[in-house]
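Coordinates in review
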Amino acid sequence: MSLSTDYLLRTGAFDYKCEKLPEEPLERMAMAGKRYLEEKRTKRERLVSGSDDFTVHLWEPMTSKKALCKMVGHQQLVNDVRFSPDQMYIASGSFDKSVRLWDGLTGKYLAAFRGHVGAVYQIAWSADSRLLLSASKDSTLKVWEIRTRKQKGDLPGHADEVFTADWSPDGAR
């Protein structure tokens, strides 16, 4: 399950386009609150959920208890779902060894990323929403480029399954 504002809530005052963060914690809190309120003012908060029935559902929980749409295509249970930081896309990772890309507003299917030979456990977006990372049972991480819908890189080296991975929000750590 993922909220459309997850990335914003996780990064707080940090914005990858911003040169420098305020030094004072209270200033950072105020900046984070301002970013969140601006996001809520301009966009409706959405929720996406993945299930062991192989489906993904898109919701607007503040306006309806009924799903906006049901997204189908995975052949096995869905392990992870994430909105891109810009909220334009939704990605889903599954035991069927694929990552699927969906439109973040409509839920329309856009592409499937294939290349893993084991279940996909987790996915993570880069701060600028250009790249998607997938962690898999096959002991690899794969980097997918959203613009071209192709694999950009393969990060082997783990001795066993890779259960989790994430990007540094500022790319410096």
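These notes cover the structure that comes with them. Quick caveat, the model's predicted, so the values are computed rather than measured.

Parameters at a glance
Residues numbered from 1 in each chain as written. Predicted model: local features only at pLDDT ≥ 70, side-chain atom pairs only at ≥ 80, totals over all residues. Heavy atoms only, no water. Pairing = 2+ DSSP bridges. Helix = DSSP H or I, 4+ residues; strand = E, 2+ residues; numbered from the N terminus. Core = buried A, V, L, I, M, F, W, Y, C linked by side-chain atoms within 4.5 Å. Buried < 20%, exposed > 50% of the residue type's maximum accessible area, 1.4 Å probe, protein only. Contact = heavy atoms within 4.5 Å. 1 Å grid on protein atoms, 1.4 Å probe; cavity = no way out; pocket = protein on both sides within 12 Å on 5 of 7 lines; lining within 4 Å. Points joined across faces, edges and corners; volume = space filled by probe spheres on them. Nonpolar A, V, L, I, M, F, W, Y, C, P; charged D, E, K, R; others polar. Axes fitted to C-alpha atoms, helices over the stretch in contact; angles between N-to-C directions.

Read across the open sheet, the four strands follow the order 1-2-3-4; overall the sheet is antiparallel. Either end of the sheet is taken by a strand with one partner, and the two such strands are strand 1 (2-3) and strand 4 (69-71). As paired strands, strand 1 and strand 2 (residues 47-50) are joined by two bridges and run antiparallel to one another. By the bridge assignment for strand 2, Ser-2 is matched with Val-48.

Time to look at the nonpolar core. Counting 11 residues, the largest nonpolar core is built from Ala-91, Val-99, Leu-101, Ala-111, Phe-113, Val-120, Ile-123, Trp-125, Leu-132, Trp-144 and Ile-146. Going through the elements one at a time, strand 7 (98-103), strand 8 (109-114) and strand 9 (120-125) are the ones with two or more residues in this core. The element best represented in this core is strand 9, accounting for three residues. What Ile-146 contacts, discounting residues up to four positions off in sequence, is Tyr-89, Leu-101, Phe-113, Trp-125, Ser-129, Arg-130, Leu-131 and Leu-132. If you look at the next biggest cluster of nonpolar residues, it comprises 10 residues, including Leu-58, Met-71, Val-78 and Trp-102.

This part takes up the layout of surface pockets. Quantified by volume, the largest pocket comes out at close to 330 Å³. Taken together, 15 residues make up the lining of the largest pocket; nearest its centre are Asp-15, Tyr-16, Lys-17, Arg-35 and Pro-85. The residue inventory of the lining of the largest pocket, partitioned by class, reads six nonpolar, two polar and seven charged. Here the second largest pocket defines a volume of roughly 240 Å³. Lining of the second largest pocket is provided by 17 residues; of these, Asp-6, Tyr-7, Arg-10, Arg-82 and Asp-166 occupy positions nearest its centre. Secondary structure elements with two or more residues in the lining of the second largest pocket: strand 1, helix 1 (6-11), strand 5 (78-83) and strand 9. Counting residues per element, the lining of the second largest pocket draws most heavily on strand 9, at four residues. Here the lining of the second largest pocket is built from residues that sort into eight nonpolar, five polar and four charged.

A separate point is the sheet that holds strand 11 (residues 141-145). Spatial strand order, 9-10-11-12: four strands in an open sheet with antiparallel pairing. Taken across any chain shown, the strands that pair with only one partner, and hence form the sheet edges, are strand 9 and strand 12 (150-155). Each strand of the sheet is rotated relative to its neighbour by a mean of 25°, with strand direction disregarded. In this sheet, strand 11 lies alongside strand 10 (residues 131-136) in antiparallel orientation, the contact comprising five bridges. Across the sheet, the residue bridging to Leu-132 is Trp-144, located in strand 11.

Positive phi outside glycine occurs at Gln-87, with the angle close to 65°. Looking at the element boundaries, Gln-87 is found in the loop between strand 5 and strand 6 (89-94). Accessibility expressed as a relative area gives 4% for Gln-87, which makes it buried.

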